Amino acid sequence: MRALGAIARQLLSLAGSLLIASFIVFALINALPGDVAATILGPNSDPASIAALRERMGLDRPLLLRYVEWLGGLLTGQPGSSALSGAPIGSIIGPKLAVTAWLATLSMLMGVVLAVPTGLYSAVRRKRADGVIISGLTQVAMAVPHFLVGLVLMIVFAVTLRWLPANGYTPLTSNPLQWLRHLVLPVAAIAVVEAAMLIRYVRSAFIDVLNEDYFRTARAVGWRFVPAVIRHGLRNASLEVITVAGLQLASLFVGSIVVENVFLLPGLGSQLLTAVNQRDLPVVQAIVMIFVAIVLVINTVVDICYHLLDPRVRAQDEETSS
Amino acid sequence: MRRSHPLVVGAVLVGLICILAVVSFFWTPHDPGLVDASIALQPPSRTYPLGTDGFGQDIFSRILVGARICMLVGVMAVTIGALLGVPIGILAGMSRRHVGRRIMRWADIFYAFPALLLAILLAAANGTGSTMTAMIAIGISSIPAFARVANTASRSVMSRDFVAAARSSGIGWTAIAWRHVLPNILPVVLVQVSSALGRAILAEAALSYLGVGTQPTTPTWGRMLYDAQKFVYDHPAQIAVPAVFIAITVLGFNLLGDGLREALDPRLRQEA
């Protein structure tokens, strides 16, 4: 029951954060000095067409009223229409969202699959040469932006070896094999960097576990190393891994903006950049809000998981709520 | 002795990039903006130590000027983040527990605006991006990390005896914050500064690459990568130079941060 109360509180605070964040997004686009219509039409536009666009977008009405309308539109799935084509924004970004969601989730999945065994291995072998080498490599991988890893992978696997396409996208439904071939490099580009960060956390979490009394006791009473790690280590290390991986998933959605532009994937990030370059502010506003919402929702889910998994936090909740 | 390695390597790498940035103000081998199609894509030579790019511009000169932008954006952004984030964290850390938690919740809202997203938003609202919008965006997005670090550290300082002594002798809150809390949390903040610099420089590179930060007319490492990408088929080596410099700089700051953390935390010294 108390756990449910804690979850309800988290969800409530998520709703509050979303509201505040939506206001910030709206205010940054609409209330910064500089007229929205003038920005959309660019520096060489004549006053008459600026006035016409202001009229069409309803920009002369009070700011707060427009915010409430926009918010209502977001909640009902109609976040306005493009300032350029007049097409509803929902129909523009719907198909793009799928591309970005695939890219981000597959990257994180691959990141975790790479990081947990590697982190465990480097924790166990931390005093041997290979453990030290893994640590060094993660340091280097963390110092490289996603798009740079993407470029290097592109040069090796697409340009030199010609194993995979250098850019473009095929939807999953039209050709699953081509879909996979197009996603391998972008996914790997993100996964390598994110895994590097995660490996360091997994490594230090496992080093802590290996030094714990309960682990030594388990070994002393006859548990073999691998079962002991699985039974006692994974559960304790999983807390930290889930927290870090969750926060990474959020940052990775945003990182995908850059990687999509490297591999010309028609995702939300590419669309966002296109909209910025075309000065299509309503589209920019909607896509930024989607990203912000994704980040906030993921953070809340991570918080909830953390509460459910960690008996210590659970106990603390019960203390504070009673 | 072994423990100081990351600190020394990090300091050397960062120092190297700082020297490049300073040198660029006084001297570059060629005009970094001089376009000459007849000498495009040359391999390294005596006149062009790192070769020329697709426009015939000297890559080494552009790297020098790029170091300047990269350091400028990194340092300014982290200054913004620290100047706003640390006071928030101290305030939260000195408040009662539930008040502090509420303050931190507000600071956490900024987590929803990663540097890249905020920079794109500012660039869109402004018409185009600039070095300034990049700095502000990266700076604001680093606020919550600074606030969090300062919050945890000040809370532990507040539980120490000397603070209790100061409070019982009637010293005001601001004086306690200034004289006791800030000096004691400075080391942790310093570690955070170093790793925030690494992250800021990664973000700056991404923004310049996308063309939503510093405008393409100014040489930046990120934009050099963008320009080099056009030649991946015929001259893939073009991406190598800017790539290496970005990696060196970020690696330098990360190592510096790790080294500082180890030097300050005696518990870590025994481990590994």
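Residues numbered from 1 in each chain as written. Chains lettered and ligands numbered in written order. Predicted model: local features only at pLDDT ≥ 70, side-chain atom pairs only at ≥ 80, totals over all residues. Heavy atoms only, no water.

The name given to chain B in an unreviewed UniProt entry is Binding-protein-dependent transport system inner membrane component, and the organism recorded there is Propionibacterium ruminifibrarum. According to UniProt, the comment filed for chain B under the heading Subcellular location (unreviewed entry) is "Cell membrane". In its Sequence similarities (unreviewed entry) section, UniProt records this for chain B: "Belongs to the binding-protein-dependent transport system permease family." (UniProt positions renumbered as here; feature names shortened; annotations may be inferred.)

As named in an unreviewed UniProt entry, chain A is Binding-protein-dependent transport system inner membrane component, taken from Propionibacterium ruminifibrarum. Note on chain A: under the UniProt heading Sequence similarities (unreviewed entry), the record states "Belongs to the binding-protein-dependent transport system permease family."

Draft legend 1. Inspection of the interface of chain A and chain B at higher detail. In this assembly, 47 residues from chain A lie in contact with 40 residues from chain B. Counting each side, the surface lost to burial between chain A and chain B is near 3,800 Å², with a carbon and sulfur contribution of 78%. Linking chain A with chain B are 1 salt bridge. Across the pair Asp258(B) and Arg200(A) runs a salt bridge, and its minimum N-O distance is 3.2 Å. Where chain A meets chain B, there are 3 residue pairs in polar contact (both at pLDDT 80 or more). Of all the secondary-structure elements, those providing two or more residues to the side of chain A that touches chain B are helix 1 (2–30), helix 6 (129–142), helix 7 (146–160), helix 8 (176–211), helix 10 (225–262), helix 11 (268–277) and helix 12 (281–309) of chain A. (Contact = heavy atoms within 4.5 Å. Buried area = accessible area lost by both parts, 1.4 Å probe. Salt bridge = Lys/Arg side-chain N within 4 Å of Asp/Glu carboxyl O. Polar contact = N/O pair within 3.5 Å; in protein donor to acceptor, adjacent residues only side chain to side chain. Helix = DSSP H or I, 4+ residues; strand = E, 2+ residues; numbered from the N terminus.)

Draft legend 2. Layout of the environment of Trp223(A). All names here are of chain A. Mapping Trp223 onto the fold places it in the loop between helix 9 (213–220) and helix 10. Overall, the relative accessible area of 35% leaves Trp223 in the partly exposed class. Taking C-alpha positions, Trp223 is 73 Å from Asp60, a pair spaced 163 residues apart along the chain. Look past the residues within four positions of Trp223 in its chain and what remains in contact with it is Ala218, Ala228, Arg231 and His232. (Buried < 20%, exposed > 50% of the residue type's maximum accessible area, 1.4 Å probe, protein only.)

Draft legend 3. Seen up close, helix 7 of chain A. Residues and elements named next belong to chain A. Helix length check: helix 7 (15 residues) gives 20 Å between terminal C-alpha atoms against 21 Å at 1.5 Å per residue, within 8%. By the criterion of burial, helix 7 is predominantly enclosed, with 11 of the 15 residues buried. Among the residues of helix 7, those classed as buried are His146, Phe147, Leu148, Val149, Gly150, Leu151, Leu153, Met154, Ile155, Ala158 and Val159. Just past helix 7, the residue Arg162 takes up positive phi, approximately 55°. (Expected span 1.5 Å × (residues − 1).)

Draft legend 4. Just the nonpolar core, in detail. By size, the foremost hydrophobic cluster in this structure holds 169 residues, and its most contacted members are Ile257(A), Leu272(A), Val284(A), Val292(A), Ile185(B), Trp221(B) and Leu225(B). It is helix 8 of chain A that contributes the most residues to this core, 17 residues altogether. Apart from residues lying up to four places away in sequence, Trp221(B) is in contact with Ile17(B), Arg62(B), Ile63(B), Gly66(B), Ala67(B), Cys70(B), Pro242(B), Phe245(B), Ile246(B) and Thr249(B). (Core = buried A, V, L, I, M, F, W, Y, C linked by side-chain atoms within 4.5 Å.)

Draft legend 5. Representation of the UniProt feature "domain: ABC transmembrane type-1" (unreviewed entry) in chain A within the structure. UniProt records the feature "domain: ABC transmembrane type-1" (unreviewed entry) for residues 97–302 of chain A in the present numbering. Taken end to end, residues 97–302 of chain A has its terminal C-alpha atoms 22 Å apart, with 83% of it in helix and 0% in strand.

Draft legend 6. Fine view of the packing of helix 10 of chain A against helix 8 (residues 173–210) of chain B. The N-to-C vectors of helix 10 of chain A and helix 8 of chain B enclose an angle of 40°; their axes lie 11 Å apart at closest approach. In this view, helix 10 of chain A runs oblique relative to helix 8 of chain B, as classed from their interaxial angle. Both helix 10 of chain A and helix 8 of chain B take part in a crossing whose hand is left-handed. Residues Ile257(A), Val258(A), Asn261(A) and Val262(A) of helix 10 of chain A lie in contact with helix 8 of chain B, whose contacting residues are Ala206(B), Tyr209(B) and Leu210(B). (Axes fitted to C-alpha atoms, helices over the stretch in contact; angles between N-to-C directions. Parallel < 35°, antiparallel > 145°, perpendicular 65-115°, else oblique. Left-handed = near helix turned anticlockwise from the far one by under 90°.)

Draft legend 7. Broad picture of the UniProt feature "domain: ABC transmembrane type-1" (unreviewed entry) in chain B. According to UniProt, the positions carrying the feature "domain: ABC transmembrane type-1" (unreviewed entry) are residues 67–257 of chain B. Summarising residues 67–257 of chain B: 80% helix, 0% strand, and an end-to-end C-alpha distance of 20 Å.

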